[in-house]
Amino acid sequence: MKQKPSIVIPSKTSPSSTPIHHPYISQLLATPNWALLLNHHLFSNPHLLNPRSAVTVFNNQRNASHAIKFHAWLSHVNPSLATHSSVQRALRNTLHRNGPAVLSLELLRDVHNSGFRLTEDLLCALIGSWGRLGLANYCAHVFGQISFLSLTPSTRLYNALIDALVKSNSIDLAYLKFQQMPADNCRPDRITYNTLVHGVCKIGVVDEALRLIRQMNDKGHLPNVFTYTMLIDGFCNANRVGEAFGVFETMKERGVGPNEATVRALVHGVFRCVDPGKALDMLLSKFLDRELEQERVHFKLACDTVLYCLASNSMAKEMIVFLREVLGRGYAPDSSVFNVIIACLVKGDELRESCDIFEILRKQGVKASIGTYLVLMEASYKRGWREDGDRVFGQMISDGLISNVVSYNMIINCFCRAKLTDNASEAFRDMQVRGFVPNLVTFNTLINGHCKEGEIVKARELLEMMLLETGLKPDIFTFSSIIDGLCRIKKTEEAFGCFTEMIEWGITPNAVIYNILIRSFCAVGDVARSVKLLGRMQKEGVSPDNYSYNALIQIYCRMNKVDKAKRLFDSMSRSGLNPDNYTYGAFIEALSESGRLEEAKKIFYSMEANGCSPDLYICNLIIKILVQQNCIEEARNIMERCRLEGISLDSIPN
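This write-up is about the structure you can find in this document. (Residues numbered from 1 in each chain as written. Predicted model: local features only at pLDDT ≥ 70, side-chain atom pairs only at ≥ 80, totals over all residues. Heavy atoms only, no water.)

**Section: helix 25 (residues 421-433)**
Between the first and last C-alpha of helix 25 there are 18 Å, a value that for 13 residues agrees with the 18 Å anticipated at 1.5 Å per step. Close packing links the buried residues of helix 25 with helix 23 (386-398), helix 24 (405-417), helix 26 (440-452) and helix 27 (456-470). Gly-435 occupies a position one or two residues after helix 25 and carries a positive phi of about 90 degrees. (Helix = DSSP H or I, 4+ residues; strand = E, 2+ residues; numbered from the N terminus. Expected span 1.5 Å × (residues − 1). Contact = heavy atoms within 4.5 Å.)

**Brief notes about the pattern of salt bridges**
The final tally for this structure, using the stated rule, is 31 salt bridges. The partner of Glu-599 in a salt bridge is Arg-596, with the nearest N and O atoms 2.9 Å apart. Connected through salt bridges with shared partners, the residues Arg-352, Glu-359, Asp-388 and Arg-391 form a single ionic network. (Salt bridge = Lys/Arg side-chain N within 4 Å of Asp/Glu carboxyl O.)

**Details of the packing of aromatic side chains**
Considering all chains together, one arrives at 19 aromatic pairs under this definition. With 5.3 Å between their ring centres and 80 degrees between their planes, Phe-393 and Phe-415 make a pair best called edge-to-face. With a gap of 22 residues between them, Phe-393 in helix 23 and Phe-415 in helix 24 connect regions that are remote in the sequence. Residues Phe-569 and Phe-587 carry aromatic rings whose centres are separated by 5.3 Å and whose planes lie at 85 degrees to one another, so their mutual orientation is edge-to-face. Of this pair, Phe-569 sits in helix 33 (residues 562-574) while Phe-587 sits in helix 34 (residues 581-593), placing them 18 residues apart in sequence. Assessed through its relative accessible area of 2%, Phe-587 is described here as buried. Pairwise contacts between aromatic rings join Phe-496, Phe-499, Tyr-514 and Phe-521 into one cluster. For Arg-352, the ring lying beneath its charged end belongs to Trp-385, and the centroid distance is 4.3 Å. Seen from the ring of Trp-385, Arg-383 lies directly overhead, with NZ or CZ sitting 5.1 Å from the centre. (Phe/Tyr/Trp six-rings, centres within 6.5 Å; stacked < 30°, edge-to-face > 60°. Buried < 20%, exposed > 50% of the residue type's maximum accessible area, 1.4 Å probe, protein only. Lys NZ or Arg CZ within 6 Å of the ring centre and 35° of its normal.)

**As for helix 27**
An α-helix turns once per 3.6 residues; consequently, residues spaced three or four apart project the same way. Given a rise of 1.5 Å per residue, 15 residues ought to cover 21 Å, and the 20 Å separating the end C-alpha atoms of helix 27 matches this to within 8%. Those residues of helix 27 that are buried lie in contact with helix 25, helix 26 and helix 28 (476-488). Trailing helix 27 by a residue or two, Gly-471 shows a phi angle of about 75 degrees, which is positive.

Structural data, given as structure tokens:
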């Protein structure tokens, strides 16, 4: 006899006082008597069953067959709950997440023997999950067997099937099922047609979509906003932008109001298939101007979407022109769009315009995030516009954005990135005066800022304060900052002493710290120490990266010890690392200087085979080598290849 699976009872309290225990429900569903146990545990306590609890049961299932059994049981004991929209959504998500759910004979027999059956709702959810997983043939196969499930074809089931086939990119099979509907006494409805319209528009076959819409009209099903939205997207996919605008006009003529999806489909579609500059002109003349004249329906949404498209195309100058145009018409972005605007303008080096627009929008009451203030502030300081940066900083304070340790840390980091460590120290003191206790992030940020500026004494003072006054312990970021700072001012021995101290603190060095020391010892000519460090990091289980090897390869090449560099190169390749332009450049330069021109050429031609595209420096170097060898035609071929890739090279002497 088979041993019955054990059930772990969640508690000794009575079922009526116990909320649903989801691991327990999963265990119930795995037993042969799952239906009886569910009846005892849930149906006998009706207050436990509600949309929220049913949703959580589905969300906690890790087995698709358990979700099927639970829904079959729920459809029998509480049909209205089983068809609740949130429950249906949870069922679909669970089947997709844990799928594919296979309707095996064993599972179907188990459900049937328990006194239940698969409902139309459950089958629709299953078909939908298979469609999302791309299982078109399985969808069609199960649909052809639904009589064995005690179900008959219906328009709703056909719609679920056609939608699944469209989602799995099986348009031809979707059409075949569409044509079979009359044979099963099922009439296509608007959902059927919209699903097919969506399928053909997705692949840009928009003329077929128009035919379907005419047929849809003839059958008495008027197109709705979803039909027109898909048609707009289809025209854009087919690069027929003018007709996409025409659909928008048709909607207005027929009294079908556009929704947010319609507006986004038009704007994104135009930018997708037309040159971005031309797209902006078209949207202004054919859409936004007319939209303004006719009750400004979705005007703000259209402007928001245009701005997102301009930002994604890095069109800062065009964004300025557009903003000047629409701000004068009463457009005001929300905070999220405000952030996108400023980030794009600063990135596009339009700092003066960024400051002006920032001030205009702020006066209009548009709230920006602290991140937007910091982007603008840092850019102003880096440009040397201290007055502008100070003004933005003052606005942050007056707007109450600096109100906790996190915001102070962001301010200190901004000052450090702008190389204004005095301002960062002042902000540090101010946060203490206001009663905010600095944390490890605060100290690490300041220490790193001082170290990058070569202010090691100040960094050490902060470290002492951190240890003695706050009791915070340094971490790997603290030590890496100090080691890097010491190496920057050529105090390599002190850096190595800090490295040793870090290990005494029980902190394991990472590749970044090893690389800093390896490069530093190479820079002062102590190659032997660098080699020992490389061996030590490997022994300690820290994997070297390109930076680790490149420092040694470059120093060996400069010392004309190319064979030693080659052995490191081979070791690097065996470690699974791909050499980069720094690696190849060092070899090519060293080989050319030592007269080994053929080897240099061989290294160059091996680069692309190893997935590394030569940069400007290497291309100029190899052309120089080829000219020295009087290989002028070969040099010209490389120049032409570089020209096609957008690399501007030195000219070949006549």
